[in-house]
Amino acid sequence: YSHDLRGAFVVADFAKRREQIAKRVEELAKAENGTAIVPPALLDEVTALVEWPVPLVCSFEERFLEVPQEALITTMQDNQKYFCLVDGNGKLLPRFITVANIESKDPAQIVAGNEKVVRPRLTDAEFFFKQDKRQPLEKRNERLANVVFQAQLGSVFDKAERVSKLAAFIAERIGGDASRAARAGILSKCDLASEMVGEFPEMQGIAGYYYAKHDGEPEDVAQALNEQYMPRGAGAELPQTLTGAAVAVADKLDTLVGIFGIGMLPTGSKDPYALRRAALGVLRMLLGLPLSLHSLLMAATATFPAGVIKEGTVEGVYEFMLERLKHYLAADYPASDIDAVLALKPARLDDVVVRLDAVAAFRALPEAAALAAANKRIRNILKKVEGSIPAINATLFAEAAETALHGEYAKLAPQVAGLLTAGDYTAALKALAALKTPVDAFFDSVMVMADDPAVRGNRLALLAALADLMNRVAELSLLAE
């Protein structure tokens, strides 16, 4: 049947048609000294539209190349299902490939027809681009002041003002330029009111970049208008400039704090403001930036008018983001290691991976299992203590084992503190291995809950000091099986 259909100019097999199109498009692009942009989804769609694919090269006027190429590519791909061609530098060529559904005796007619059809599309993009450039980008904030972002959170311009303040706060802390971050923040939503984005929604941010460049804005400010939407999906590119990173983090945190703050939490089936995606985007960026998540959430809250954000919002968003971080890290680390590190509720996330790697190295030590078990035992003992625990009094030690343990603790405490200050978490955890023998001896020969209140309190104080020393990198008790 399939063989007979080929005689009727039908390639029945989808995979074969797809392969045939991809191969021929690549050949034609190479002949034009270019490379074809072939999104898998577009290739699938074109494959499903034709039964006898015949790719053909067409062209358009070079004057259209003055328009942002993203707009031209968008309209040619989405509206016309064409494959665009770019040169070795990624610049659009005035060529495209269409896939005809017939082996024409006069393919020039098909080429001419497609070139005629695409011209109005490109003319529209050119018109919108020229129209938008007639007024400065910032002027569009006047229109955005009347566009509601969310009824309780104000207009889109209100959001831009909040993002501007928060972006400046962030830029100062990551070595960026606070004034440029503030400028990028105030311009961040302007292109939403442009003709270009009105026609091509995919151009948000990208259009802003071109208009900011046209207005003479600094390069990093212009780039930030595009980078604010990064990462655009799971595993997608992160901002490359500090200004862009500041605006991207600020924009997403503003949405998270704002929507959480008015009680519109995402549910299992509804997340209209894409808060999960925003949280993941922020987390991916914070894993590489020296910032305190808690401080950022507090700063974001402070940009809203008094009374708008409910109490407990900062803690709620923080917990929500830690939960997303667990899911994100689960692909590379054991769940118990992640739980152990995040149990400390780290303020900064840029050292979470370093801590996880340190925990992995600690697990490999022969003393690790015993120390984790001992730590769990200490935690359980301390949980039952009522009232405050006194300071350690060395004169109250009555047993050789507790004296020895205290001596080892006194020796290790400054060493571990120095390693933690230096950020050497692996060495800090490895140093704790020296505690195994004295800890084992302590539990073998010392009765913690002694009858004498002073002795009992002193032993609990020693255990509390040990617990504090042992759990500064991760909650080791969670590593016990």
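Placed above this text is the structure.
Residues numbered from 1 in each chain as written. Predicted model: local features only at pLDDT ≥ 70, side-chain atom pairs only at ≥ 80, totals over all residues. Heavy atoms only, no water.

K.L.:
Can you tell me about the overall build of the protein, naming the residues and giving the values?
P.N.:
Tallying secondary structure elements over the protein gives 22 helices and six strands in all. Put simply, the protein has 481 residues, and 49% of those count as buried. Counting only contacts in the protein whose residues sit at least 6 apart along the sequence, the fraction spanning at least 24 positions is 71%. A distance of 2 Å separates the average location of the 53 positive side-chain charges in the protein from that of its 63 negative side-chain charges. (Helix = DSSP H or I, 4+ residues; strand = E, 2+ residues; numbered from the N terminus. Buried < 20%, exposed > 50% of the residue type's maximum accessible area, 1.4 Å probe, protein only. Contact = heavy atoms within 4.5 Å. Lys, Arg positive; Asp, Glu negative; His and termini not counted. Charge placed at Lys NZ, Arg CZ, Asp CG, Glu CD.)

K.L.:
Tell me about the packing of helix α7 (residues 156-173) against helix α12 (residues 242-261), and name the residues and values.
P.N.:
The description of two helices packed together rests on the angle between their axes and the distance between the axes. Two elements in contact, α7 and α12, have axes separated by 8 Å at closest approach and are oriented at 130°. For the element pair α7 / α12, the angle class is oblique. Pair α7 / α12 crosses with right-handed handedness. Along the contact surface, α7 presents K159, R162, V163, L166, A167, I170 and A171, while α12 presents A246, V247, V249, A250, D251, L253, D254 and T255. Among the residues making up the contact of α7 with α12, the classes are represented as ten nonpolar, one polar and four charged. (Axes fitted to C-alpha atoms, helices over the stretch in contact; angles between N-to-C directions. Parallel < 35°, antiparallel > 145°, perpendicular 65-115°, else oblique. Left-handed = near helix turned anticlockwise from the far one by under 90°. Nonpolar A, V, L, I, M, F, W, Y, C, P; charged D, E, K, R; others polar.)

K.L.:
Would you mind going over the sheet that holds strand β1 (residues 35-36) in detail, with residue names and values included?
P.N.:
Here four strands make up an open sheet; going across it, the order is β1-β3-β4-β2 and the pairing antiparallel. Of all the strands in the sheet, just β1 and β2 (54-59) have a single pairing partner and so form its edges. The pairing of β2 with strand β4 (residues 92-100) spans six bridges and is classified as antiparallel. In the sheet register, P55 faces β4, and the bridge partner there is V99. Lying over the sheet, helix α4 (residues 69-78) contacts β3 (83-86) and β4, oriented at roughly 5° with respect to β4. (Pairing = 2+ DSSP bridges.)

K.L.:
Account for the nonpolar core, naming residues and giving values.
P.N.:
In this structure, M76, M196, L256, M321 and L435 are the most contacted members of the largest nonpolar core, which totals 142 residues. Per element, the largest residue contribution to this core is eleven residues, and it comes from α12. Residues contacting M321, with those up to four places away along its chain left out, are L253, L256, A279, V282, L283 and L293. Among the nonpolar cores identified, the runner-up in size contains 14 residues, and I21, A36, V46 and V50 belong to it. (Core = buried A, V, L, I, M, F, W, Y, C linked by side-chain atoms within 4.5 Å.)

K.L.:
I'd like a description of helix α21 (residues 436-445), backed by residues and values.
P.N.:
Taken residue by residue, α21 has P438, V439, F442 and F443 as its buried positions. Along the axis of α21, the buried residues cluster in a sector spanning 130°; they form a single face. Exposed residues on α21 whose side chains face more than 90 degrees from its buried face are T437 and D444. On its buried face, α21 sits against α18 (368-383), α19 (400-421) and α22 (453-470). (Arc of directions from axis to C-beta.)

K.L.:
Please set out unusual backbone geometry residue by residue, giving values where relevant.
P.N.:
A cis amide bond links M230 to the next residue, P231, at an omega of -10°. As for its position among the elements, P231 is in the loop between α11 (219-227) and α12. At F9, a position not held by glycine, the phi torsion is positive, near 60°. Inspection of the secondary structure puts F9 in the loop between α1 (2-7) and α2 (14-31). Take F9: its relative accessible area is 48%, and that puts it in the partly exposed class.

K.L.:
Describe the packing of aromatic side chains, and please don't skip the residues or the numbers.
P.N.:
Inspection of the entire model under this criterion finds nine aromatic pairs. Measuring from ring centre to ring centre gives 5.2 Å for F9 and W52, while their planes differ by 85°; the resulting arrangement is edge-to-face. Taken together, the residues F9 in the loop between α1 and α2 and W52 in the loop between α3 (40-49) and β2 connect sequence positions 43 residues apart. For W52, a relative accessible area of 14% puts it in the buried group. Between Y82 and F96, the aromatic rings sit 4.3 Å apart at their centres with planes inclined by 20°, giving stacked as the arrangement. In this pair, Y82 is assigned in the loop between α4 and β3 and F96 in strand β4, connecting sequence segments 14 residues apart. (Phe/Tyr/Trp six-rings, centres within 6.5 Å; stacked < 30°, edge-to-face > 60°.)

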